[in-house]
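Here are the chains, one letter per residue:
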Amino acid sequence: MSGPDDTSKLEQFGWGPRWAALAAEGVERGLTPGIILRHDGSAVLAATPTGRQHIPVVPSNPAFAVGDRILIGTGTVDEVLHRSSLLQRRDPSTGTGQFIAANADVVAIVCGLDRPLRPGRIERFSTLAWDAGASPLVVCTKCDLGGDDETADFVLRAESAAPGITVVAVSAQTGAGLDDLRAELAGKTAVFVGESGAGKSTLLNSLYDHDIARTGSTRTGDSKGRHTTTARQLFAVGDFWVIDTPGVREVGLWAGTDAVDTAFDDIADLGSECRFGDCTHDTEPGCAVAAAIANGTLAPERLNSWQRLRREALAAELRADPVAARRANRQFGRMIREVQRIKGQR
Ligand SMILES: Nc1nc2c(ncn2[C@@H]2O[C@H](COP(=O)(O)OP(=O)(O)OP(=O)(O)O)[C@@H](O)[C@H]2O)c(=O)[nH]1
Ligand SMILES: [Mg+2]
Ligand SMILES: [Zn+2]
């Protein structure tokens, strides 16, 4: 029998002891725990102990995102439980932060081999991931379309855009690399981001081994997608979870400068050797970054991206409310990055 205390329907979507503890006090007050599975703007679909429930979004609700663990009162979202991460981007229409997903451990940046690799997107999404308090992961998909050399070159270019970040090459069509990806995601929640048509939903379906998400063909000629996925949605896929998202045209930065430095830790490391502590690596004497570019160990594009993203992050920081939670998330991002670095040294 399933009653309000039976959380097995929630566990299926990643509910566990941590969430039960955070929800306990609210549940005692008679609130129902839930997980937001889908957000359609005016309503959300939530998993609850008694099954799925559509909940209208009303202006007095706290802001929430797919993946959020919530407490439901009389048909409305009363509370959002403290998040472990929150992925946001700058909303191109309002210029402020827009929630993409909550409580994801991994931001999987999906790049299709049928289109040019855009390092700028990888840099932007990994910055957003660190800012969110999640780890970036690059997934190069549609590898069946390229030969071994082409795939290796694509992966190499992805690695240069995201030094130190894991890059997995897969094909949803042949199944190549899927087990590597499953191993990366085991026990975690990943949010799939990337251009429309990159192959996010198809990849989700192949990982699940059944069609659970709708996919669409790309335009012939330029391989552009048709914005098939229209809402963010959380899926349970065996021993991990995936939040599929609609492809976005623009990845506006809504992140702190700390997150930029975490994504560009090659520059941050070099920067610690500059003569001036606040060196902008522009025209200052004794600049270790300029020296690395001169001797060919750092690509000049890397510095250009860092400068551009830092300016954008600074603007976002000035606009954003400096809520303590965001700061805490960034510190968490730095910490996991540090742990990964130590692991990489072993
Ligand atoms: N050859 C090949 N084609 C693929 C692969 N993965 C996806 N595709 C094709 O790429 C097209 C777009 O795939 P989708 O999964 O809908 O792309 P999406 O990233 O979810 O796009 P949006 O929902 O619009 O953001 C479809 O025609 C897929 O069949 C793959 O591994 N190999
Ligand atoms: Mg899709
Ligand atoms: Zn410098």
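Residues numbered from 1 in each chain as written. Chains lettered and ligands numbered in written order. Predicted model: local features only at pLDDT ≥ 70, side-chain atom pairs only at ≥ 80, totals over all residues. Heavy atoms only, no water.

Some points on the coordination of the zinc ion (ligand 3)
Thought 1: Summarising the metal site, the zinc ion (ligand 3) is bound by the protein donors C274 (SG), C279 (SG), H281 (ND1) and C287 (SG), whose distances to it range over 2.2 to 2.4 Å.
Thought 2: Binding-site remark: the zinc ion (ligand 3) is held by donors from one chain whose sequence spacing is C-x4-C-x1-H-x5-C.
Thought 3: Among the residues examined, H281 registers a relative accessible area of 7% and is labelled buried. (Donors = N, O, S within 2.8 Å, 3.2 Å for Na, K, Ca; no water. Buried < 20%, exposed > 50% of the residue type's maximum accessible area, 1.4 Å probe, protein only.)

Focus on the environment of L31
Thought 1: Within the secondary structure, L31 sits in the loop between helix 2 (17–28) and strand 1 (32–39).
Thought 2: A residue is classified by how much of its surface remains accessible, and L31, at 12% relative accessible area, is buried.
Thought 3: Between the C-alpha atoms of L31 and G73, which are 42 residues apart in sequence, the distance is 5.2 Å.
Thought 4: Aside from chain neighbours lying at most four places away, what touches L31 is G26, L71, I72, G73, D78 and E79. (Helix = DSSP H or I, 4+ residues; strand = E, 2+ residues; numbered from the N terminus. Contact = heavy atoms within 4.5 Å.)

Examining the packing of aromatic side chains
Thought 1: For the structure shown, the criterion picks out 0 aromatic pairs.
Thought 2: When the ring centre of W19 is taken as reference, the NZ or CZ atom of R18 above it lies at 4.3 Å. (Phe/Tyr/Trp six-rings, centres within 6.5 Å; stacked < 30°, edge-to-face > 60°. Lys NZ or Arg CZ within 6 Å of the ring centre and 35° of its normal.)

Points about the site of ligand 1
Thought 1: Near ligand 1, the surroundings consist of 24 residues, among which D144, S196, K200, T202 and T229 are the closest.
Thought 2: Within the contact set of ligand 1, an oxygen atom lies 2.8 Å away from a backbone nitrogen or oxygen of A172.
Thought 3: Contact distances for ligand 1 include 3.3 Å between an oxygen atom and a backbone N or O atom of H227.
Thought 4: The protein chains hide 88% of the 660 Å² of surface that ligand 1 would expose on its own.
Thought 5: The greatest single-element share of the shell around ligand 1, amounting to 3 residues, is contributed by helix 6 (residues 200–208).
Thought 6: For the shell around ligand 1, a count of residues per class yields 4 nonpolar, 16 polar and 4 charged. (Near = heavy atom within 4 Å. Polar contact = N/O pair within 3.5 Å; in protein donor to acceptor, adjacent residues only side chain to side chain. Areas by Shrake-Rupley, 256 points an atom, 1.4 Å probe, with all protein chains shown as cover. Nonpolar A, V, L, I, M, F, W, Y, C, P; charged D, E, K, R; others polar.)

Some words on the packing of helix 5 (residues 178–185) against helix 6
Thought 1: Between helix 5 and helix 6, whose axes approach to 11 Å, the crossing angle comes to 90°. Relative to helix 6, helix 5 is oriented roughly perpendicular. Every residue of helix 6 that contacts helix 5 at L178, L181 and R182 is listed here: L203, S206 and L207.
Thought 2: Split by residue class, the contact of helix 5 with helix 6 holds 4 nonpolar, 1 polar and 1 charged. (Axes fitted to C-alpha atoms, helices over the stretch in contact; angles between N-to-C directions. Parallel < 35°, antiparallel > 145°, perpendicular 65-115°, else oblique.)

What about the coordination of the magnesium ion (ligand 2)?
Thought 1: In the first shell of the magnesium ion (ligand 2), the protein supplies S201 (OG) and T229 (OG1), at 1.9 to 2.1 Å from the metal. Of this pair, S201 sits in helix 6 while T229 sits in the loop between helix 6 and strand 12 (232–237), and the two are 28 residues apart along the sequence.

A closer look at the nonpolar core
Thought 1: Within the largest apolar cluster, 73 residues are counted, with the highest numbers of intra-cluster contacts made by I122, V138 and V191.
Thought 2: Considering each element in turn, this core owes the most residues, 6 residues, to helix 3 (residues 119–132).
Thought 3: Not counting chain neighbours up to four residues away, the residues in contact with I122 comprise I109, C111, L117, V138, A158, A161 and A162.
Thought 4: Counting 21 residues, the second-largest nonpolar core is a separate cluster that includes V106, L185, L204 and V237. (Core = buried A, V, L, I, M, F, W, Y, C linked by side-chain atoms within 4.5 Å.)

Looking at helix 6
Thought 1: With 7 of 9 residues buried, helix 6 lies mostly within the body of the structure.
Thought 2: Every buried residue belonging to helix 6 is among K200, S201, L203, L204, N205, S206 and L207, and all of these are buried.
Thought 3: Against strand 8 (106–112), strand 9 (135–141), helix 5, strand 11 (189–193), strand 12 and strand 13 (240–244) lie the buried residues of helix 6.
Thought 4: D209 occupies a position one or two residues after helix 6 and carries a positive phi of about 75°.

Things to note about unusual backbone geometry
Thought 1: Even without being glycine, N103 reaches a positive phi, approximately 60°.
Thought 2: Tracing the chain through its elements places N103 in the loop between strand 7 (97–102) and strand 8.
Thought 3: Although it is not a glycine, H281 sits at a positive phi angle of roughly 55°.
Thought 4: Here H281 shows up in the loop between helix 8 (265–271) and helix 9 (288–294).

A look at the domain arrangement of the protein
One frequent convention defines the size of an interface as the accessible area lost when the parts assemble.
Thought 1: Structurally, the protein comprises domain 1 (8–80), domain 2 (103–244) and domain 3 (257–345).
Thought 2: In this complex, domain 2 contributes 15 residues to the contact, which on the side of domain 3 involves 18 residues.
Thought 3: Here domain 2 is connected to domain 3 by 2 salt bridges.
Thought 4: Between R302 and E123 there is a salt bridge; the shortest N-O distance is 3.8 Å.
Thought 5: One can count 3 residue pairs in polar contact (both at pLDDT 80 or more) joining domain 2 with domain 3.
Thought 6: If you list the elements that add at least two residues to the side of domain 2 that touches domain 3, you get helix 3 and helix 4 (148–161).
Thought 7: Broken down by element, the residue count for the side of domain 2 that touches domain 3 peaks at 7 residues, all from helix 3. (Domains from an automatic or database assignment. Salt bridge = Lys/Arg side-chain N within 4 Å of Asp/Glu carboxyl O.)

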